[in-house]
Amino acid sequence: MALEIWSETEEFLSGLLCPPDPDLARTVHVSEQADLPAINISALQGQQVNLLAKMVGARRILEVGSLAGYSALWLAKALPPDGRMVTIENNPLHAVVAADNIKAAGLADRVEVRVGNASDQLALLVSKKGEPFDFFFIDADQHNNVTYFERCLQLSRPGSVIVFDNVVRSGEVRNLETSNGAVRATQRVLELVGSSGQVDGVVFQTVGQRGHDGMLVVRIR
Ligand code: DHB
Ligand code: MG
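Residues numbered from 1 in each chain as written. Chains lettered and ligands numbered in written order. Predicted model: local features only at pLDDT ≥ 70, side-chain atom pairs only at ≥ 80, totals over all residues. Heavy atoms only, no water.

Engineer: How should the overall build of the protein chain be read in this particular structure?
Structural biologist: Broken down by element type, the protein chain carries eight helices and seven strands. A globule of 221 residues ought to have a C-alpha radius of gyration of about 17 Å, and the protein chain, at 17 Å, matches this closely. Its C-alpha atoms put the protein chain at 45 × 40 × 30 Å along the principal axes. The contacts in the protein chain between residues at least 6 apart in sequence include a share of 71% that link residues at least 24 apart. (Helix = DSSP H or I, 4+ residues; strand = E, 2+ residues; numbered from the N terminus. Rg over C-alpha atoms; globule rule 2.2 N^0.38 Å. Contact = heavy atoms within 4.5 Å.)

Laid out in structure tokens, this is it:
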């Protein structure tokens, strides 16, 4: 019952706040047709990461976990015309779907889809010593979240922002006895953020179309 109210409320808010967008609609449709898991962020969450990236003035964005490219489109739309984005996807089929959706949205010149293991791809970026990234969105296999966090820190600069999806998971995050490796890794990231002295972090806890969950937002000092 309550879940229904939250979900309907989010739908109502999205209707008012998220302008209809043919590229995003096409991406959802293609994702359904290709039978990809329907675990993309919601429209309002897309608007949330888009606004955060704009607030940071992000010119370089890095995403871990492209799926069909839905969140990548929301993020790419936050970039200035000369901005750049890299999105990493381990599943080759998902990567093809994401690249097609990005191309169809006319954003292929700004967004590069990299296929492969995200830990390796991040290490490759670290070794290349390129320009730091301004904004990171981590939405992938959560048991590797500690590695992703450490490598994103290496790719960041003071003022960069790292956002993790799915840190609350219906309150499972508070279960310190959990045997779920994904939750344990996220708990470890939260401990690191809270104790590092190099970053500030907060969790925006949400209820809505994706149930009870939340995003961790970290800013490098
Ligand atoms: C699920 C949701 C997500 O946002 C995600 O990144 C992975 C899984 C889920 O609901 O199962
Ligand atoms: Mg997610």
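Let's pick the thread back up.
Engineer: For this particular structure, what's the right way to read the coordination of the magnesium ion (ligand 2)?
Structural biologist: As a benchmark, a tetrahedral metal site with four donors has ideal angles of 109.5 degrees, while an octahedral site with six donors has ideal angles of 90 or 180 degrees. Every protein donor of the magnesium ion (ligand 2) is listed here as Asp 139 (OD), Asp 165 (OD) and Asn 166 (OD1), and their distances to the metal cover 2.0 to 2.1 Å. Each donor residue of the magnesium ion (ligand 2) lies on one chain, and together they are spaced D-x25-D-N. Here Asp 139, found in the loop between β4 (135–138) and α7 (145–154), pairs with Asp 165, found in the loop between β5 (161–164) and α8 (181–195); they are 26 residues apart in sequence, far enough to count as distant. For the pair shown, Asp 139 and Asp 165 are each scored as buried. (Donors = N, O, S within 2.8 Å, 3.2 Å for Na, K, Ca; no water. Buried < 20%, exposed > 50% of the residue type's maximum accessible area, 1.4 Å probe, protein only.)

Engineer: Please explain helix α2 (residues 22–33) as it appears in this structure.
Structural biologist: What sets the pattern is the α-helix's 3.6 residues per turn: residues three or four places apart point alike. Relative to the 16 Å expected for 12 residues at 1.5 Å per residue, α2 spans 16 Å between its end C-alpha atoms, a close match to the ideal helical length. Residues of α2 that are buried: Asp 23, Leu 24, Thr 27 and Ser 31. For α2, the buried positions fall inside an angular range of 100° around the axis, keeping them on one side. Among the exposed residues of α2, those oriented more than 90 degrees off its buried face are Pro 22, Glu 32 and Gln 33. The inward-facing, buried residues of α2 contact α4 (70–76) and α5 (92–104). N-cap assignment for α2: the residue whose side-chain oxygen lies 2.8 Å from the backbone N of Asp 23 is Asp 21. Phi turns positive, to about 65°, at Asp 35, one or two residues after α2. (Expected span 1.5 Å × (residues − 1). Arc of directions from axis to C-beta. Polar contact = N/O pair within 3.5 Å; in protein donor to acceptor, adjacent residues only side chain to side chain.)

Engineer: What exactly am I supposed to notice about the site of ligand 1 here?
Structural biologist: Taken together, Ile 39, Asp 139, Asp 165 and Asn 166 form the complete shell of residues around ligand 1. In the model, an oxygen atom of ligand 1 is placed 3.4 Å from a nitrogen or oxygen of the Ile 39 main chain. Side-chain polar atom of Asp 139 to an oxygen atom of ligand 1: 2.6 Å apart, as the coordinates give it. Given that more than half its atoms are within 2 Å of the pocket grid, ligand 1 belongs to the largest pocket. (Near = heavy atom within 4 Å. 1 Å grid on protein atoms, 1.4 Å probe; cavity = no way out; pocket = protein on both sides within 12 Å on 5 of 7 lines; lining within 4 Å. Sits in = over half its atoms within 2 Å of the grid points.)

Engineer: Could you clarify how one ought to interpret the pairing of strand β3 (residues 111–115) in this entry?
Structural biologist: Note on strand geometry: in a regular strand, side chains alternate between the two faces of the sheet. With five bridges connecting them, strand β2 (residues 84–89) and β3 associate as parallel partners. Within the sheet, the bridge partner assigned to Ile 88 lies in β3 and is Arg 114. Taken together, β2, α5 and β3 constitute a β-α-β crossover, and its handedness is right-handed. (Pairing = 2+ DSSP bridges. Right-handed = clockwise from strand over helix to strand, strands pointing away.)

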